[in-house]
Amino acid sequence: MDRIDLKKLDPDFKHRLARELGGEHIKKCFSCGVCSARCPVEKIEPEYNPRKIIRMILLGMEEALLKEEFLWHCSTCYTCQESCPQKVNFTEVIFALRNLAVRKGLAPPGMGAARNLLSQQGRMYEVGDFENEKRQELGLPKIMGNPEEYKKLLG
Ligand code: SF4
Ligand code: SF4
């Protein structure tokens, strides 16, 4: 990580995040590191570190954190959430951070494409004739797109 620019710290960030869905318990973290020790992504991706993310939140490093690509590396396995002695609900914190990043236009470009696919098809990839033929071979019903229903569900 680059040197911390004190002028860019926002002490209100943790309070704002605590008002977001999923971020409610962020201030209960006492930095024990259990989440980081148990996180499977941290084992293979040294840049990804739940405790570091929480320290960045508590320090007010909003801009630096929301534009970090590693925010999107969490597999949402909930191991950290189940292990946390303070019930910080870190997986939900990740969702809250991602929502903020999207609202501020700081999410990686590929996320916009994924969102468009979801709103148009209700899934991350298109199910076409090939997939439906395979489903038929397995005795499964055809999947039909219903874009209007997906749009209604996603608002
Ligand atoms: S396990 Fe919970 S209390 Fe410990 S560092 Fe992680 S979020 Fe904070
Ligand atoms: S939910 Fe994310 S941060 Fe938590 S243990 Fe799983 S991969 Fe790590």
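Everything below is about the structure printed above this text.
Keep in mind that this is a model prediction, so the values were computed, not measured.

S.K.: In this structure, what is going on with the packing of aromatic side chains? I would like to understand it.
M.R.: Two measures describe an aromatic ring pair: the distance that separates the ring centres and the angle between the ring planes. Scanning the model with the defined rule gives one aromatic pair in all. Ring plane angle 80° and centroid distance 6.4 Å describe the contact between Y48 and F70, whose orientation is recorded as edge-to-face. With Y48 in the loop between α3 (40-44) and α4 (50-59) and F70 in the loop between α5 (62-66) and α6 (79-83), this residue pair connects regions lying 22 residues apart in the sequence. Comparing Y48 with F70, the two get one shared label, buried.

S.K.: I would appreciate a short explanation of the site of ligand 2 in the present structure.
M.R.: Close to ligand 2 lie 14 residues; C39, Y48, C74, C77 and C80 are nearest. Taken together, the residues that form the shell around ligand 2 break down as 10 nonpolar, four polar and no charged.

S.K.: Would you explain α4 in this entry?
M.R.: The α-helix advances 3.6 residues per turn, and as a result positions three or four apart in sequence lie on the same side. Among the residues of α4, those classed as buried are P50, I53, I54, M56 and I57. One face of α4 carries all of its buried residues, which in axial projection span an arc of 155°. Capping the start of α4 is the job of one residue whose side-chain oxygen sits 3.0 Å from the backbone nitrogen of R51: N49.

S.K.: I tried to follow the site of ligand 1 on my own but got confused; where do I start?
M.R.: If you check the shell around ligand 1, you find C29, F30, S31, C32, G33, V34, C35, I54, C84, P85, Q86 and V88 and nothing else. Grouping the amino acids of the shell around ligand 1 by side-chain chemistry returns nine nonpolar, three polar and no charged.

S.K.: I would appreciate a short explanation of the side chain of K14 in the present structure.
M.R.: Position of K14 relative to the elements: it lies in helix α1 (residues 13-18). With no salt bridge to any partner, buried K14 finds its closest opposite charge in D12, at an N-O distance of 7.5 Å. A distance of 3.2 Å separates the side chain of K14 from the backbone oxygen of P11, its partner in a polar contact. Leave out the neighbours within four places in its chain, and K14 touches I26, K27, I57 and L58.

The rules behind the values
- Residues numbered from 1 in each chain as written.
- Chains lettered and ligands numbered in written order.
- Predicted model: local features only at pLDDT ≥ 70, side-chain atom pairs only at ≥ 80, totals over all residues.
- Heavy atoms only, no water.
- Phe/Tyr/Trp six-rings, centres within 6.5 Å; stacked < 30°, edge-to-face > 60°.
- Helix = DSSP H or I, 4+ residues; strand = E, 2+ residues; numbered from the N terminus.
- Buried < 20%, exposed > 50% of the residue type's maximum accessible area, 1.4 Å probe, protein only.
- Near = heavy atom within 4 Å.
- Nonpolar A, V, L, I, M, F, W, Y, C, P; charged D, E, K, R; others polar.
- Arc of directions from axis to C-beta.
- Polar contact = N/O pair within 3.5 Å; in protein donor to acceptor, adjacent residues only side chain to side chain.
- Lys, Arg positive; Asp, Glu negative; His and termini not counted.
- Salt bridge = Lys/Arg side-chain N within 4 Å of Asp/Glu carboxyl O.
- Contact = heavy atoms within 4.5 Å.

Geometric descriptors of this kind do not, in isolation, establish any biological role.
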